[in-house]
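Below are the chains, spelled out letter by letter.
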Amino acid sequence: MDVNIQKVVVEETDAGERLDRVLAARVGTLSRSRLKALIITGHVAINGRTIRDPGIHVNAGTEITLEVPPPEPAEPGPEPIPLAIVYEDDALIVIDKPRGLVVHPAAGHWTGTLVNALVAHCGASLSGIGGVARPGIVHRLDKDTTGLMVVAKTDRAHRSLAAQFADHGRSGPLQRGYMAFVWGVPDRPKGSIDKPIERHPHARDKMAVRSGGREAVTHWSLREAYAGAAGDKVASLIECRLETGRTHQIRVHLAAVGHPLLGDDVYGAGFKTKATHLGIPAREALEDLGRQALHAYLLGFDHPLGTGYLEFRSELPADLERLRQGLREAQGAPAPEAARATKKHSKVSKR
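Residues numbered from 1 in each chain as written. Predicted model: local features only at pLDDT ≥ 70, side-chain atom pairs only at ≥ 80, totals over all residues. Heavy atoms only, no water.

(A) Focus on the confidence of the model for the protein chain. The pLDDT averaged across the protein chain works out to 89; a share of 91% of its residues lies at or above 70. A low-confidence stretch, residues 333–344 (pLDDT under 50), is modelled with 19 contacts involving residues beyond four sequence positions or located in other chains. (pLDDT = per-residue confidence, 0-100. Contact = heavy atoms within 4.5 Å.)

Take a look at the structure:
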């Protein structure tokens with residue numbers, strides 16, 4: 001289906017009105033909220049110039065061009081995308097998500113998502129309790145964060161897992177552990193970050209620490225410290241455990257305390273020049289990384305059917321292991337406790 005292009009010329013009676021109001025009055029087939037979304041996503045131009053501000057005031061005689069893309073499918077379709085399946089039974093599936101895989105369909109990513117792959121793999125058994133766009137999804141990882149995820153295959157499993165993730169392990173068994181390579185070295189071996197998070201006031205694709213935001217707590221411990229080419233402490237490997245589950249929580253929290261993730265262009269852009277302090281192997285590994293250095297290595301929860309506790313571990317993927325080895329080069333042998341942290345891919349235990 002082709003893009004529908006409509007042109008509107010602002011009349012004298014509409015001079016000085018907001019762009020979204022004018023379009024809502026003149027384009028009767030679309031709601032104001034839908035028009036506002038089209039403006040924000042770059043589908044509206046004034047006199048040939050793309051405008052992304054729905055509140056801009058328009059002048060008489062201005063020509064507005066509106067591009068309406070074809071409607072997206074109401075439900076995600078199956079796509080034969082390979083999955084790294086760690087564990088599967090009739091109630092759930094645990095996968096090791098690779099980099100670059102979006103979890104569920106959204107604007108700009110209507111296909112090629114984990115949900116599309118799950119629909120193809122699980123078929124009609126996939127739980128729909130999470131909504132048609134994200135069936136079975138009880139938690140998510142950022143597109144370029146790798147690691148362990150669990151997906152419910154039945155409504156009963158979805159309810160149980162969703163309750164465990166809502167509790168975040170405060171009174172239940174849920175465990176979520178991450179390995180994060182960060183700039184700098186903390187001044188103590190472990191700690192907690194308790195800072196509220198909400199949407200950034202000016203950049204809607206970012207989150208920020210803000211007073212009055214939603215509660216967010218991250219517990220961390222130092223696993224390895226790395227020296228740079230000149231022998232100065234330049235980076236470290238930190239293990240993070242989540243007590244809450246906010247969007248971009250680890251990335252925002254670590255940046256807020258001065259230790260943003262290596263490779264994080266959103267929250268650590270100001271630290272890019274620090275790459276010059278790294279040794280050549282680490283610098284080359286970071287240049288090739290192309291993503292934030294974050295991996296969900298640990299996932300533990302009670303089986304939703306009451307058959308026991310399940311725990312899974314995932315070793316670092318190849319790109320992060322290469323970065324780790326490059327950073328270690330100036331240190332000699334790794335600390336034994338750090339080696340244990342990512343011991344073997346996806347060990348399962350029950351109790």
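(B) Representation of empty space enclosed by the protein. On inspection of all chains with the given rule, the structure shows 1 cavity of 30 Å³ or more. Looking at the largest cavity, its volume works out to about 30 Å³. By residue class, the composition of the lining of the largest cavity is 5 nonpolar, 2 polar and 1 charged. (1 Å grid on protein atoms, 1.4 Å probe; cavity = no way out; pocket = protein on both sides within 12 Å on 5 of 7 lines; lining within 4 Å. Points joined across faces, edges and corners; volume = space filled by probe spheres on them. Nonpolar A, V, L, I, M, F, W, Y, C, P; charged D, E, K, R; others polar.)

(C) Here's a closer look at the pattern of salt bridges. Counting across every chain of the model gives 19 salt bridges. Residue R170 pairs with E243 through a salt bridge whose shortest N-O separation is 3.2 Å. Of the two residues, R170 is situated in the loop between α4 (155–167) and β8 (175–183) and E243 in the loop between β13 (233–242) and α5 (249–256); the sequence distance between them amounts to 73 residues. You can call E243 partly exposed: its relative accessible area is 21%. Of the charged contacts, one joins R241 and E239 as a salt bridge, the two residues approaching to 2.8 Å between their closest N and O atoms. We classify E239 as buried; its relative accessible area is 7%. A single network of salt bridges, built from pairs that share partners, joins R140, D142, R251 and D264. (Salt bridge = Lys/Arg side-chain N within 4 Å of Asp/Glu carboxyl O. Helix = DSSP H or I, 4+ residues; strand = E, 2+ residues; numbered from the N terminus. Buried < 20%, exposed > 50% of the residue type's maximum accessible area, 1.4 Å probe, protein only.)

(D) Quick look at the pairing of strand β7 (residues 146–152). Of all 7 residues making up β7, 7 are buried, and the element is well covered by its neighbours. Strand direction decides the pairing type here: strand β6 (residues 92–97) and β7, joined by 6 bridges, are antiparallel. Note on β7: the bridge partner recorded for K97 is G147. Alignment of β7 against strand β14 (residues 294–302), held across 2 bridges, turns out to be parallel. Note on β14: the bridge partner recorded for G147 is A296. (Pairing = 2+ DSSP bridges.)

(E) Highlighting the side chain of Q164. Tracing the chain through its elements places Q164 in helix α4. The residues touching Q164, leaving out its near neighbours within four places in the chain, are G169, P173, L174, F301 and D302.

(F) A look at the nonpolar core. Formed by 27 residues in total, the largest nonpolar core has its most connected members in L114, L118, Y178, C240, I250 and L254. Elements with a minimum of two residues in this core: β6, α3 (114–122), β7, β8, β13, α5 and β14. No other element matches α3, which puts 5 residues into this core. In this structure L118 touches L83, I93, G123, L126, I137 and V151, once residues within four positions along its chain are discounted. (Core = buried A, V, L, I, M, F, W, Y, C linked by side-chain atoms within 4.5 Å.)

(G) Up close: the pairing of β6. Most of β6 is tucked away, with 6 of its 6 residues classed as buried. Burial along β6 is two-sided: the face carrying L92, V94 and D96 and the face carrying I93, I95 and K97 are both buried. Across 3 bridges, the pairing between strand β5 (residues 85–88) and β6 is antiparallel. Bridge pairing in β6 links Y87 to V94. Counted between consecutive antiparallel strands, the loop separating β5 from β6 contains 3 residues.

(H) Here's a closer look at the side chain of H139. Note on placement: H139 falls in the loop between α3 and β7. Within the local environment of H139, its side chain forms a polar contact with the backbone nitrogen of V150, the two atoms lying 3.0 Å apart. Apart from residues no more than four positions distant in its own chain, H139 is found in contact with L148, M149, V150, F165 and R176. (Polar contact = N/O pair within 3.5 Å; in protein donor to acceptor, adjacent residues only side chain to side chain.)

(I) Representation of the sheet that holds strand β1 (residues 4–9) within the structure. With antiparallel pairing, the 4 strands of this open sheet are ordered in space as β1-β4-β2-β3. Because the sheet does not close on itself, it has two edges, and the strands there are β1 and β3 (49–50). Examined bridge by bridge, strand β2 (residues 44–46) and strand β4 (residues 63–68) share 3 bridges and lie antiparallel to one another. Residue A45 lies in a different strand from β4, and its bridge partner there is T65. Against the sheet, helix α2 (residues 32–40) contacts β2 and β4, and its axis sits at roughly 95 degrees relative to β4. (Axes fitted to C-alpha atoms, helices over the stretch in contact; angles between N-to-C directions.)

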